[in-house]
Structures are given as structure tokens and as C-alpha cells.
Amino acid sequence: MKTAITDMFGIEHPIIQGGMHYVGFAEMAAAVSNAGGLGIITGLTQKTPELLAKEIARCRDMTDKPFGVNLTFLPTVNAPDYPGYVRAIIEGGVKAVETAGNNPAQVLPFFKEAGVKVIHKCTSVRHALKAQSIGCDAVSVDGFECGGHPGEDDVPNFILLPRAADALDIPFVSSGGMADGRSLMASIALGASGMNMGTRFIATKEAPVHDNVKAAIVAASELDTRLVMRPLRNTERVMTNDAVERLLEKEKALGADLKFEDIIEEVAGVYPRIMMDGDMDAGAWSCGMVAGLINDIPSCKELIDRIMAEADDIRQRMNAISA
């Protein structure tokens, strides 16, 4: 399946693995890229630019296919060494970057000069239009279903994707709720040039996370995620657990007086304990409603091959209907 996204990133299939904290290591990115998609290393999981450079080199040893790096711009007082991370990406020869969070305008000239294609994650059409106006090559349009930060507009993909198609001139991929060939063909029908999957890729054999995490996703239904930090306007969709339910009780009890410090125990620094140690009640971790569509733990190649086969079956069925 050739689309604007496969052409832009030099990949076989229009499937991107989104950046995920303590998931997007070299093993994950290489497995997706070797299967014909675009694997993504999560930049800020690496504590320093030097460590990111080593992770990029490690991924290069595992695949000769294109892969990218996610760089999330956080609203924080003590900002990471973003110039250092940008240098590590460019010097590592990476040609695809997924930006997220705050406006990436300050780094775009450096990526442009180095021939790096930038796809920015957006949760609204207005943000996608802004990304287009500052020179991003593509955008990933995140619907309300997505794991992680869905924004504050609560617009699901059946509305958001066709709105993006009507408004944008640059290519975009769907994100949030994506799991299979049906997801891909629906995204194409709604105007996207591919899809971005996060949660679905956690439940794969190569995902470098604890088996407890994969088992939790397989066991979950579409009803097992929660929205936390809504009162702080930093909404995050997470898998429910004891810590998350405790956090929600705090939010309810404190109301308008809620401060980040009140919930720091449930949200700060918990990812290593969950993703690496398998402590499933350690705190809040991002997970999409798509967990309800995930019933197995295939290899990345098995998953992507299955998605493309399903997409082809759907295309043939649609052709038969039109005939």
C-alpha cells in the first residue's frame, strides 16, 4: 500500500509506532521497522543526549530500515537538553522525527537543514493547522480514544479525521484506537495516509516491557481506561488500577483546590516500576481504549502482516460491493 506517508518516510507499510515512555527502546523500533513500518525510539526515555546517541546506534545495529525518534517538548521549568537531543538525532543519521507536546518551531530549522522529516502529534485541527504553518512535514492526529494525552476537546476520530482531511494540505496519520486492518482502512477512508499505533505495539513479543504489562492490556476491555488530571487541564488516558482509582478519589475530594503535588505519588517516576518491574499498581500509565480490541501478543511482523492482509481483504470486499 503506497501512500504519501510511505513515500515520505521510505517505508513499506503506512504504519507508525508512536513514541512511548519506557517502551520505545531500540528493540521496539527495530522490530517495527524490520516488519515494514516506521519504528520510533522515545528520546526522553534516554536521560541524556549521549544515551540517546547510543540508543540510536544500537537500533542501527538491529535494522537497516528507516526508523525515527520521538522528541516531546515538555512544559517544565527544568527543561531537558533539547539542543543536545536534536544534535544526537541529526548526527545519528535519523531521518524521521515525531515531535509532541509544545510547539517544536525552535528545532525545525535544524531538522530541515539536515533533511529530517518531522511529523507532529496533534489532538485538534487547530493544532494540526499550526503545525502545518510552521513547516512540519506531516501530522499525527490523535482522537479522544488515544492513550496518553488526548487534549481537552474530547473529539473522537470519526469526526476529527475527516475534519483534518478537509483542513490540511500536508499528509496525516490517524492515532488513537488503531489496532488492525479495519483501523487502517477506516483511516484511509476518512482521509488519513496511514495510522499510528501505541498501545497495540506494547502487546507484542518484542516490546521491551514486563509480561505483566502485556497481560494487563490483553485482559482489559474498552471500559478499563480512566481520564486523570482533567482538573489540571493535563488530561491523560491511563489503564485503571488501585493507584489510579486513588488518584481519582483525590481529584474528587480536592476539587478546584487540586494541585499536581497532591497526586505526584501516583504519576511521577512510576514508569520504570511498571514497564520494567511489572508492578501494575505502582501508578498511572498510558493506555488507550483500543485495549478492548487487543486479544493476543504477536510478533511485530505477525501483527503488521496480519493488518495488511486484513486491509487487502477489506479492499477486495469493497471492490466487490462497488461492482
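Only a predicted model underlies this, so the values are computations on that prediction, with no experimental measurement involved. (Residues numbered from 1 in each chain as written. Predicted model: local features only at pLDDT ≥ 70, side-chain atom pairs only at ≥ 80, totals over all residues. Heavy atoms only, no water.)

Draft legend 1. Region of interest: the environment of Phe-260. Within the secondary structure layout, Phe-260 lies in the loop between helix H11 (242–254) and helix H12 (264–267). Taking the relative accessible area as the measure of exposure, Phe-260 reaches 35% and is therefore partly exposed. C-alpha separation for the pair Phe-260 and Thr-225, spaced 35 residues apart in sequence, amounts to 20 Å. With residues near it in sequence (within four places) discarded, Phe-260 still touches Met-229, Leu-232 and Val-267. (Helix = DSSP H or I, 4+ residues; strand = E, 2+ residues; numbered from the N terminus. Buried < 20%, exposed > 50% of the residue type's maximum accessible area, 1.4 Å probe, protein only. Contact = heavy atoms within 4.5 Å.)

Draft legend 2. Layout of the environment of Ser-174. Checked against the element boundaries, Ser-174 lands in strand S7 (residues 172–175). Placed 71 residues apart in sequence, Ser-174 and Glu-245 show a C-alpha to C-alpha distance of 30 Å. One polar contact links Ser-174 to Ser-187, side chain to side chain, over a distance of 2.6 Å. (Polar contact = N/O pair within 3.5 Å; in protein donor to acceptor, adjacent residues only side chain to side chain.)

Draft legend 3. Representation of the layout of surface pockets within the structure. Looking at the second largest pocket, its volume works out to about 300 Å³. Taken together, 18 residues line the second largest pocket, and the ones lying closest to its centre are Glu-145, Gly-176, Gly-177, Met-178 and Leu-293. Elements with a contribution of two residues or more to the lining of the second largest pocket: helix H7 (157–167) and helix H8 (181–189). Here the lining of the second largest pocket gets four residues from one element, more than from any other, and that element is H8. (1 Å grid on protein atoms, 1.4 Å probe; cavity = no way out; pocket = protein on both sides within 12 Å on 5 of 7 lines; lining within 4 Å. Points joined across faces, edges and corners; volume = space filled by probe spheres on them.)

Draft legend 4. Summary view of the packing of aromatic side chains. Under the criterion given, the structure shown has two aromatic pairs. Their ring planes at 75° and their centres at 6.2 Å tell us that Tyr-22 and Phe-25 sit as a pair that is edge-to-face. Its relative accessible area of 14% is what places Phe-25 among the buried residues. Ring centres 4.7 Å apart and planes at 35° place the aromatic pair Phe-73 and Tyr-82 in the tilted group. Each member of the pair, Phe-73 as well as Tyr-82, is classed as buried. In this structure, Arg-237 packs its charged tip against the face of Phe-144, placed 4.9 Å from the ring centre. (Phe/Tyr/Trp six-rings, centres within 6.5 Å; stacked < 30°, edge-to-face > 60°. Lys NZ or Arg CZ within 6 Å of the ring centre and 35° of its normal.)

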